[in-house]
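Analysis of the macromolecular model
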Amino acid sequence: MKRFACLFAIVPITAFAGGSNYGVTPGAHPNLAGKVTEWPVPTPRFARDPAPAPDGSIYIAVMSGNKVARFDPKAKAFREWDLPSGHRPHGVLVDKQGIVWTTGNGNGTIGRLDPASGKITEFKTPSGRGGPHTLVITDDGATIWFTMQSGDKVASLDTKTGAIREYPTSGGPYGLSLDKAGNVWFCRMGDNKMGRLDPRSGQMSEVDMGSRSQPRRVATAPDGMLWVALYGNGRLAKLDPSAMKVVKEYQLPAGDAGPYAVAVDGGGMVWVNEINTDTVVRFDPGTEQMRVVKLPSSNTGIRKMIVDAGGRLWYMGSHSGRLGVVE
């Protein structure tokens, strides 16, 4: 275990600026000290996406190791489950009943793991493969939405029946989030656009994010605004889903350093990482100030971050093989 007290750098930003969808409502942590703690995962074979569980534990998709790992923050202990051959989980989430869902990036499935019994079920996508990527869940737990990056689709899964429906799009859809009206927003990174799917009508629409923006991941704030990490130009974008337009963009402190993951806590504070400089940035939309946390491990490789019920930020270093928390 590593524990560090990291100092924040304050970066003032001028001008005006104004969710989760992972089964656990993120908490607020207004008096953040900036302490970073990391733990090496048992199988550091491209462990990549973390997810909070209702019991406070953190689950991790171990993609190349073909496993799901669980970390107990109280016991500081890990447990792992092997997944079916070829599954290669990319994303993971835990529903309110404690069931673990994964995107089988390697075999075109959505996986369902019951940690209590160890039973694993796979649900095959209609198109067969398509690279299931990132997944979110509706508040009622009835539907999981996920992107299919290599298949250029967005899809839904009925959590009771396992039925999957696919919606074609373009641009290699990556991260996604649900707005307060229930629309599905997804990052069309290859097209430099944000896509929107109305699940009631099946109608698609889009917002152009600008040349070389490469929107990678998106998160919904408590006020309904969407925050988008623009991997291609080093910026954080605020998008109004009702007006279907970008309200403002903010240049991140490290410049063009690959903004990748983004998360919003229960108080509306926005977290985004800069993958090329091993930093995470906490942005206050009210004051438009940024606080930079330098990560303790070099070449960390954060691809997904989440905020737990206590307002702590969790990340997984896919390169360093370390699970970290900022509090």
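Structure report, in brief. (Residues numbered from 1 in each chain as written. Predicted model: local features only at pLDDT ≥ 70, side-chain atom pairs only at ≥ 80, totals over all residues. Heavy atoms only, no water.)

1. Describing the overall build of the protein
- For the protein, the count of helices and strands is 0 helices and 30 strands.
- Over its C-alpha atoms the protein spans a radius of gyration of 18 Å, differing by no more than 12% from the 20 Å that the globule rule assigns to 327 residues.
- When its C-alpha atoms are laid out on the principal axes, the protein stretches across 50 × 45 × 30 Å.
- Of note, the protein has its 38 positive side-chain charges centred 4 Å away from the centre of its 30 negative side-chain charges. (Helix = DSSP H or I, 4+ residues; strand = E, 2+ residues; numbered from the N terminus. Rg over C-alpha atoms; globule rule 2.2 N^0.38 Å. Lys, Arg positive; Asp, Glu negative; His and termini not counted. Charge placed at Lys NZ, Arg CZ, Asp CG, Glu CD.)

2. Digging into the sheet that holds strand β6 (residues 67–72)
- Read from one edge to the other, the open sheet built from 4 strands follows the order β4-β5-β6-β7, with strand pairing classed as antiparallel. Here the strands that pair on one side only, and so sit at the sheet edges, are β4 (47–52) and β7 (77–82). Direction aside, neighbouring strands of the sheet carry axes that sit 25° apart on average.
- In this structure, β4 lies alongside strand β5 (residues 58–62), joined through 5 bridges in antiparallel fashion. Among the inter-strand pairings, Pro50 is bridged to a residue of β5, identified as Ile60. (Pairing = 2+ DSSP bridges. Axes fitted to C-alpha atoms, helices over the stretch in contact; angles between N-to-C directions.)

3. Thoughts on the sheet that holds strand β21 (residues 226–230)
- An order of β20-β21-β22-β23 is seen for the 4 strands of this open sheet, with the pairing classed as antiparallel. Across the chains shown, the open sheet's two edge strands, defined by having one partner strand only, are β20 (215–220) and β23 (245–251). Direction aside, the axes of adjacent strands within the sheet are offset by 25° on average.
- Here strand β22 (residues 235–240) pairs with β23 via 6 bridges, running antiparallel. Residue pairing across strands places Asp240 opposite Lys245, the latter belonging to β23.

4. A word on the environment of Asp198
- Along the chain, the position of Asp198 falls in the loop between β18 (193–197) and β19 (204–208).
- What Asp198 contacts, discounting residues up to four positions off in sequence, is Asn183 and Gln203.
- From its side chain, Asp198 meets the backbone nitrogen of Arg200 in a polar contact 2.9 Å long. (Contact = heavy atoms within 4.5 Å. Polar contact = N/O pair within 3.5 Å; in protein donor to acceptor, adjacent residues only side chain to side chain.)

5. Some thoughts on the pairing of strand β24 (residues 259–264)
- For β24, the tally of buried residues reaches 6 of 6 residues, placing the bulk of the element in the interior.
- The turn linking β24 back onto strand β25 (residues 270–274) is made up of 5 residues, and Gly268 within it adopts a positive phi angle of 90°. (Buried < 20%, exposed > 50% of the residue type's maximum accessible area, 1.4 Å probe, protein only.)

6. Side note on the nonpolar core
- With 23 residues, the main nonpolar core has Trp101, Trp145, Phe146 and Leu157 as its most contacted residues.
- When residues of this core are traced back to their parent elements, those giving at least two are β12 (132–137), β13 (143–148), β14 (153–158), β15 (164–168), β16 (173–178) and β17 (184–188).
- Tallying contributions element by element places β13 first for this core, with 4 residues.
- Sequence-distant contacts of Leu157, that is, excluding residues within four places in its chain, are made with Trp101, Ile110, Phe123, Ala142, Thr143, Ile144, Phe146, Gly162, Ala163 and Ile164.
- In terms of nonpolar packing, the next biggest core, distinct from the first, is built from 16 residues, Trp227, Ala229, Phe283 and Met290 among them. (Core = buried A, V, L, I, M, F, W, Y, C linked by side-chain atoms within 4.5 Å.)

7. Overview of empty space enclosed by the protein
- Of the volumes computed, that of the second largest cavity is approximately 40 Å³.
- Lining the second largest cavity we find Leu83, Pro84, His87, Val100, Thr102, Gly111, Arg112, Leu113, Ile120 and Glu122.
- Among the secondary structure elements, those contributing two or more residues to the lining of the second largest cavity are β9 (100–104), β10 (109–113) and β11 (120–124).
- By residue number, the principal contributor to the lining of the second largest cavity is β10, which donates 3 residues.
- Looking at the lining of the second largest cavity residue by residue, the class counts come to 5 nonpolar, 3 polar and 2 charged. (1 Å grid on protein atoms, 1.4 Å probe; cavity = no way out; pocket = protein on both sides within 12 Å on 5 of 7 lines; lining within 4 Å. Points joined across faces, edges and corners; volume = space filled by probe spheres on them. Nonpolar A, V, L, I, M, F, W, Y, C, P; charged D, E, K, R; others polar.)

8. Regarding the packing of aromatic side chains
- Summed over the entire model, instances satisfying the criterion amount to 12 aromatic pairs.
- Aromatic side chains Trp39 and Phe71 sit 4.7 Å apart centroid to centroid with 40° between the ring planes, which places their arrangement in the tilted category. Residue Trp39 is located in strand β3 (residues 35–40), and its partner Phe71 is located in strand β6; the two are separated by 32 residues in the primary sequence.
- Overall, the relative accessible area of 8% leaves Trp39 in the buried class.
- We classify Phe71 as buried; its relative accessible area is 0%.
- Between Trp145 and Tyr167, the ring centres sit 5.8 Å apart and the planes meet at 40°, which makes this aromatic pair tilted. Here Trp145, found in strand β13, pairs with Tyr167, found in strand β15; they are 22 residues apart in sequence, far enough to count as distant.
- On the accessibility criterion, Trp145 (5% relative accessible area) is buried. (Phe/Tyr/Trp six-rings, centres within 6.5 Å; stacked < 30°, edge-to-face > 60°.)

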